Structure formats: structure tokens, C-alpha cells
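Listed here are the chains, written in short residue letters.
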Amino acid sequence: SHFVMKDEHLTLTLFDIMERYIQVPHVEFAFLSASHTAVGDKETPDKIIHLAAGLQFSEFMSVVGTLWEVDDAAAKHVVEAFYKYKFNQDDGVMDCTKAAWALNCATHAMRAKVPLEQRLVFIHIGV
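Definitions and limits used
Residues numbered from 1 in each chain as written. Predicted model: local features only at pLDDT ≥ 70, side-chain atom pairs only at ≥ 80, totals over all residues. Heavy atoms only, no water. Helix = DSSP H or I, 4+ residues; strand = E, 2+ residues; numbered from the N terminus. Buried < 20%, exposed > 50% of the residue type's maximum accessible area, 1.4 Å probe, protein only. Contact = heavy atoms within 4.5 Å. Areas by Shrake-Rupley, 256 points an atom, 1.4 Å probe, with all protein chains shown as cover. Pairing = 2+ DSSP bridges. Axes fitted to C-alpha atoms, helices over the stretch in contact; angles between N-to-C directions.

**Q** Can you tell me about the overall build of the chain, naming the residues and giving the values?
**A** On a plain count of helices and strands, the chain comes out with 5 helices and 5 strands. Start at the N end of the chain and walk to the C end: the helices and strands fall as β-β-α-β-α-β-α-α-α-β. Taken over 127 residues, the chain has a buried fraction of 38%. Considering only residue pairs separated by 6 or more positions, the chain has 72% of its internal contacts joining residues 24 or more positions apart. As displayed, the chain offers around 8,000 Å² of accessible surface, 56% of which is attributable to carbon and sulfur atoms.

**Q** So what's going on with the sheet that holds strand S5 (residues 122-126)? Which residues, and what values?
**A** Think of a sheet as strands paired side by side through backbone hydrogen bonds, with each pair either parallel or antiparallel. The 3 strands lie next to each other as S3-S4-S5, forming an open sheet whose pairing is mixed. A strand with exactly one partner marks an edge of an open sheet, and here the two such strands are strand S3 (29-31) and S5. If you compare each strand with its neighbour and ignore which way they point, the axes differ by 20 degrees on average. Two strands pair when backbone bridges link them, and S3 and strand S4 (residues 62-66) are joined in this way by 3 bridges, in the parallel orientation. Bridge pairing in S4 links Ala30 to Val63. Of the strands in this sheet, S3, S4 and S5 touch helix H4 (residues 99-109), which is tilted by about 170 degrees from S5.

**Q** Account for H4, naming residues and giving values.
**A** Listed as buried for H4 are Ala99, Ala102, Leu103, Cys105, Ala106 and Thr107. Where the residues of H4 are buried, they touch S3, S4, helix H3 (72-87), helix H5 (116-119) and S5.

Following this line, the structure appears as C-alpha cells:
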């Protein structure tokens, strides 16, 4: 599994992340809003670690990923609402243990703007 950057010739693999960030003590949270970040690759079924799980294994305490294709406009709405709830705390500090709660609030808040199948695409892994 790997991330393809804006310049499609550049990739970031799970190995790159594990090699570079496993020693970083304060890596807590990742939000992967691209499509299929929490599912395996059909073409390489022997690689059972998807991007979201790979980040968690790389010591990210909390990861949000997607189970299937997500519409860009829907992702934008959910991500904006997520961060609104995530940072709408008294101290303004990000707490990775609030990610599941923030995702739940965000997907419920977007009922009028985002279809159900596009709200269900997001999952939380971790604490």
C-alpha cells in the first residue's frame, strides 16, 4: 500500500512512514479522506495491511479512513465538520481520543448535505 502524491510520480509507502515516523513520539492522528484507505488492494490480496491500519501500526494512535470511493464534495463537508467538532473544545488542543466522537458528530451533522452512503464510508481505527 502507498499514497500517490499530487505529482503522480511521487509515492509514499507504508514502509517509508514506518521507517521515518516510528521514532516520533507525538504522532497521534491521521485523517485519510481519499477513497479506499481502509481496505486492502484487490490486485494484491496478499497485502492485508491497508493504509489506515498501516498508520496505526506505525504508532499513530488514531486514524480515520474510508471503506470505498468517496465523493470529493462529501469528503470536504465531513472533514470540515470533523475538525470543527475535534477542535471545539475549551482548550483548542487536539486530543486523538476524541476522534471517534468527532467523526460520529460530523457524520450526523452532515445528514442534510451528504448522502448516507457517503457518510458511512468513513471509519475510525484506534483510541
